[in-house]
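Listed below, chain by chain, are the residues.
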Amino acid sequence: MTDELFAAVDCGTNSVRLLVCRRESGRLVELDRRLHLTRLGQGVDATGRFHADALTRTFTAMADFGAELDDLGVPLSNRRLVATSAARDAENSAEFFAGARARLGVEAEIISGDEEARLSFVGAVAALPDLAQPVLVMDIGGGSTELVLGSDGVPTRAISLDIGSVRLRERFLHSDPPTTAEVTAARAHVEALLDATGIDYPAVATWVGVGGTATSLSALAQGLPEYDRSLVHGSLVEQPELTALADRLLKLPVADVTMLPTMVPGRADVICAGALVCVAVGTRVHGPLLVSEADILDGIVAALATA
C-alpha cells in the first residue's frame, strides 16, 4: 500500500540524499537510498547567497528524486524534505524553496542544528544495538558539524558548529594541497570551537560517526577497492589510523585524492577538511570511531512512520 511508503530527503551543503522505506510487518524496509553531490553551499560562506550553478545542480538531483517518489507512489503526506546548514545561511532562499517544492511536491524545512543533531542521533543509534553508554554521535557535513550526546537512545545534549568540510576548506585551506600555515589556522579554529562545546568528551563510552566524511574515511582506512556499505557500517577506525589518514589527505593534491579507491570527485577536495575535524574530535574521546551508515535520513523516516 502506498500509505505505507515513507521518504526522506536531506539537502545539505555538499550533497542531496534520498531514503525510501516501506513498512512491512511493523518494521521499516529500505527500498531506495541514493545520493547526488551537488555542492549547494558553493560560496555561501563568503557571499551569503546560493550560486546559480549550485541551485541548478541541486534542482536536477531533486527532479531525479521526485520522479522516483512519483513512480513508487509515495504520498505527499509521507514525504519530508529537510535543508540544513547552507539553506540556513543563504539570503536568496526563496528560489531554493520554490525549486524544491516544484520538484518534490512538499515544502523544504530549514531545520535547526539542534534538530539536525537529534535526528542524526536517533537514526544512528537505532542501527547500532548494544552500545556502551553514553554515546556521542558526530555528523561532519559540508557546512556544519553536529555533535549529540545521549544515553539509552535519548539525546541529552546537541551542539551544531559551523565547521563543515566545505566551509572549512573555503575559509582556511585555500592551497592545493593546503600549506602548513593553513592547516595550523584551520586546526586552531576547530579546536577553539570544540573547547567551547561543554561536552565531557572523556566520559563518552562510544563515539559514532555518520555521514559522508565518516563513511569515506572508513572506506579509505580499510583500503576497500570499491565502496561497500556492508563493510563500512559497524566498522571501527582506530585513532592512530584516523590521524595518519588525515595527515596524508592534507598533504595530497586534489587530483591525487580523486584517484583514491572509493573516492568520488564531489568529495575529493573537501575530505581533508572533514578528516581534520574528525581527528580533532577523536583526540578528545577515548576509543575508536564506530561508523554508521544510518543517519539523519533514517531518523526522519522513523519519525514519519510513527507520526
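Reading guide: rules and limits
- Residues numbered from 1 in each chain as written.
- Predicted model: local features only at pLDDT ≥ 70, side-chain atom pairs only at ≥ 80, totals over all residues.
- Heavy atoms only, no water.
- Core = buried A, V, L, I, M, F, W, Y, C linked by side-chain atoms within 4.5 Å.
- Buried < 20%, exposed > 50% of the residue type's maximum accessible area, 1.4 Å probe, protein only.
- Helix = DSSP H or I, 4+ residues; strand = E, 2+ residues; numbered from the N terminus.
- Contact = heavy atoms within 4.5 Å.
- 1 Å grid on protein atoms, 1.4 Å probe; cavity = no way out; pocket = protein on both sides within 12 Å on 5 of 7 lines; lining within 4 Å.
- Points joined across faces, edges and corners; volume = space filled by probe spheres on them.
- Nonpolar A, V, L, I, M, F, W, Y, C, P; charged D, E, K, R; others polar.
- Axes fitted to C-alpha atoms, helices over the stretch in contact; angles between N-to-C directions.
- Parallel < 35°, antiparallel > 145°, perpendicular 65-115°, else oblique.
- Left-handed = near helix turned anticlockwise from the far one by under 90°.
- Salt bridge = Lys/Arg side-chain N within 4 Å of Asp/Glu carboxyl O.
- Polar contact = N/O pair within 3.5 Å; in protein donor to acceptor, adjacent residues only side chain to side chain.
- Phe/Tyr/Trp six-rings, centres within 6.5 Å; stacked < 30°, edge-to-face > 60°.
- Lys NZ or Arg CZ within 6 Å of the ring centre and 35° of its normal.

(A) Inspection of the nonpolar core at higher detail. Residues Leu136, Leu147, Trp207 and Leu249 are the most contacted members of the largest nonpolar core, which totals 48 residues. Counting only elements with at least two residues in this core, the list comes to β6 (135-140), β7 (145-151), β8 (154-161), α7 (180-195), α8 (212-222), α10 (239-251), α13 (271-282) and β11 (289-291). A total of ten residues in this core trace back to one element, the largest contributor, which is α13. Ignoring any residue separated from it by four or fewer positions in sequence, one finds Leu249 in contact with Leu217, Leu220, Val257, Leu260, Ile271, Cys272 and Ala275. With 26 residues, the next largest nonpolar core counts Ala61, Ala83, Val106 and Ala108 among its residues.

(B) Here's a closer look at the layout of surface pockets. In this structure, the largest pocket occupies an estimated 750 Å³ of space. When residues of the lining of the largest pocket are traced back to their parent elements, those giving at least two are β2 (15-24), β3 (27-37), β6 and α8. Of the residues that constitute the lining of the largest pocket, the class distribution is nine nonpolar, 18 polar and ten charged. Volume-wise, the second largest pocket comes out at about 360 Å³. Mapped by element, the contributors of at least two residues to the lining of the second largest pocket are β2, β3, α5 (113-126) and α14 (296-306). Residue contributions to the lining of the second largest pocket peak at six residues, all from α14. Here the lining of the second largest pocket is built from residues that sort into nine nonpolar, four polar and five charged.

(C) Broad picture of the packing of α7 against α13. Viewed as axis vectors pointing N to C, α7 and α13 meet at an angle of 45 degrees, and their least axial separation amounts to 10 Å. Considering their axes alone, α7 and α13 lie oblique with respect to each other. Between α7 and α13 lies a crossing of right-handed hand. On α13, the residues touching Val183, Ala186, Arg187, Val190, Glu191 and Leu194 of α7 are Leu276, Val277, Ala280 and Val281.

(D) Representation of the pattern of salt bridges in the model. Applying the stated criterion to the full structure yields 21 salt bridges. Residue Arg284 is joined to Asp195 by a salt bridge in which the shortest nitrogen-to-oxygen separation is 2.5 Å. Note that Arg284 is positioned in the loop between α13 and β11 and Asp195 in helix α7, a separation of 89 residues in sequence. Among the residues examined, Asp195 registers a relative accessible area of 57% and is labelled exposed. Here Glu293 ties to Arg229 by a salt bridge, and the two come within 3.3 Å at their closest N and O atoms. Of the two residues, Glu293 sits in the loop between β11 and α14 while Arg229 sits in helix α9 (residues 229-232), which places them 64 residues apart along the sequence. With relative accessibility at 11%, the residue Glu293 sits in the buried group.

(E) Just unusual backbone geometry, in detail. With an omega dihedral of 0 degrees, the bond running from Gln133 to Pro134 counts as a cis peptide bond. In this structure, Pro134 sits in the loop between α5 and β6. The omega torsion across Asp176 and Pro177 is 0 degrees, close enough to zero to call that bond cis. You can see Pro177 is positioned in the loop between α6 (165-171) and α7.

(F) Quick look at α14. Buried residues dominate α14, accounting for eight of its eleven residues. Elements that come into contact with the buried residues of α14 comprise β1 (5-11), β2, β3, β4 (79-83) and α5. Where α14 begins, the side chain of Asp295 points an oxygen toward the backbone nitrogen of Leu297, at a separation of 3.1 Å.

(G) Structural view of the packing of aromatic side chains. The tally for this structure, following the rule as stated, stands at two aromatic pairs. Aromatic side chains Phe50 and Phe96 sit 5.6 Å apart centroid to centroid with 40 degrees between the ring planes, which places their arrangement in the tilted category. Taken together, the residues Phe50 in the loop between α1 (44-47) and α2 (52-72) and Phe96 in helix α4 (residues 93-104) connect sequence positions 46 residues apart. Consider the rings of Phe96 and Phe97, whose centres lie 5.9 Å apart with planes at 65 degrees: the pair is edge-to-face. The class for Phe96 is buried, based on a relative accessible area of 0%. Of the aromatic side chains, those joined through ring pairs into one cluster are Phe50, Phe96 and Phe97. In this arrangement the basic side chain of Arg284 is found over the ring face of Tyr201, its NZ or CZ atom lying 5.9 Å from the centre.

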